[in-house]
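One-letter residues, chain by chain:
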Amino acid sequence: MVWNDEKIDRLKKLWADGLTTGEIGKEIGVSKNAVVGKAHRLGLKGRPSPIKRTQKEAKPEPKIRSVVDLSAHTCRWPIGDPREPGFHFCGKPTTPGKPYCAEHASIAYVSSNRSSKDEDAA
DNA sequence: CCCTGATTCGC
DNA sequence: GCGAATCAGG
């Protein structure tokens, strides 16, 4: 398909005339896709059918947060194995002054928390 | 289901 | 740059 000035002029004329892509396609002798494609390339805007194509799948944001990225109030409790992919940190709000959130702080600080009974036995 | 236009994709 | 294919809405 060669878009000479005639074709382009006719396309613009018919397009501006209010004809649909199918009509223009039949008129000029091209498929409606060609019409709409050329119209789009020419910068012509369609007045009818304001269909907006939904955003395509595109989310290139594989931002991996390291421990240093976590703010002072972000729980640094490790989730998973650091050597395993998908390892991350808790990230929940921490108790002020503590590196972990309340939930993980309770786990973190129970280490060697021997009760009096243990000492009693020893 | 068939129409519309819009965007994406391969040539 | 071209249009078919695909997508999305009426």
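Our structure is the block above this text.
Below or above, wherever it landed, is the structure these notes cover. (Residues numbered from 1 in each chain as written. Chains lettered and ligands numbered in written order. Predicted model: local features only at pLDDT ≥ 70, side-chain atom pairs only at ≥ 80, totals over all residues. Heavy atoms only, no water.)

**Quick notes on the protein's contact with DNA strand C**
Turning to step 1, where the next piece is worked out: In the vicinity of DNA strand C, the contacting residues are Met1, Trp3, Ser31, Asn33, Ala34, Lys38, Arg41, Ile51, Lys52, Arg53 and Thr54.
Turning to step 2, where the next piece is worked out: Of what DNA strand C places within 4 Å of the protein, 65% of the atoms are sugar or phosphate.
Turning to step 3, where the next piece is worked out: Here a base nitrogen of DNA strand C sits 2.4 Å away from a polar atom, N or O, in the side chain of arginine 41. (Near = heavy atom within 4 Å. Polar contact = N/O pair within 3.5 Å; in protein donor to acceptor, adjacent residues only side chain to side chain.)

**Considering the layout of surface pockets**
Turning to step 1, where the next piece is worked out: Of the voids in this model, the largest pocket is the one considered here, and its volume is about 450 Å³.
Turning to step 2, where the next piece is worked out: As for the largest pocket, its lining consists of 16 residues, and the residues nearest its centre are Trp15, Val36, Gly46, Pro48 and Ser49.
Turning to step 3, where the next piece is worked out: Element by element, the count of residues in the lining of the largest pocket is highest for helix α3 (residues 32-42), at three residues.
Turning to step 4, where the next piece is worked out: Residues that form the lining of the largest pocket fall into these classes: eight nonpolar, six polar and two charged. (1 Å grid on protein atoms, 1.4 Å probe; cavity = no way out; pocket = protein on both sides within 12 Å on 5 of 7 lines; lining within 4 Å. Points joined across faces, edges and corners; volume = space filled by probe spheres on them. Helix = DSSP H or I, 4+ residues; strand = E, 2+ residues; numbered from the N terminus. Nonpolar A, V, L, I, M, F, W, Y, C, P; charged D, E, K, R; others polar.)

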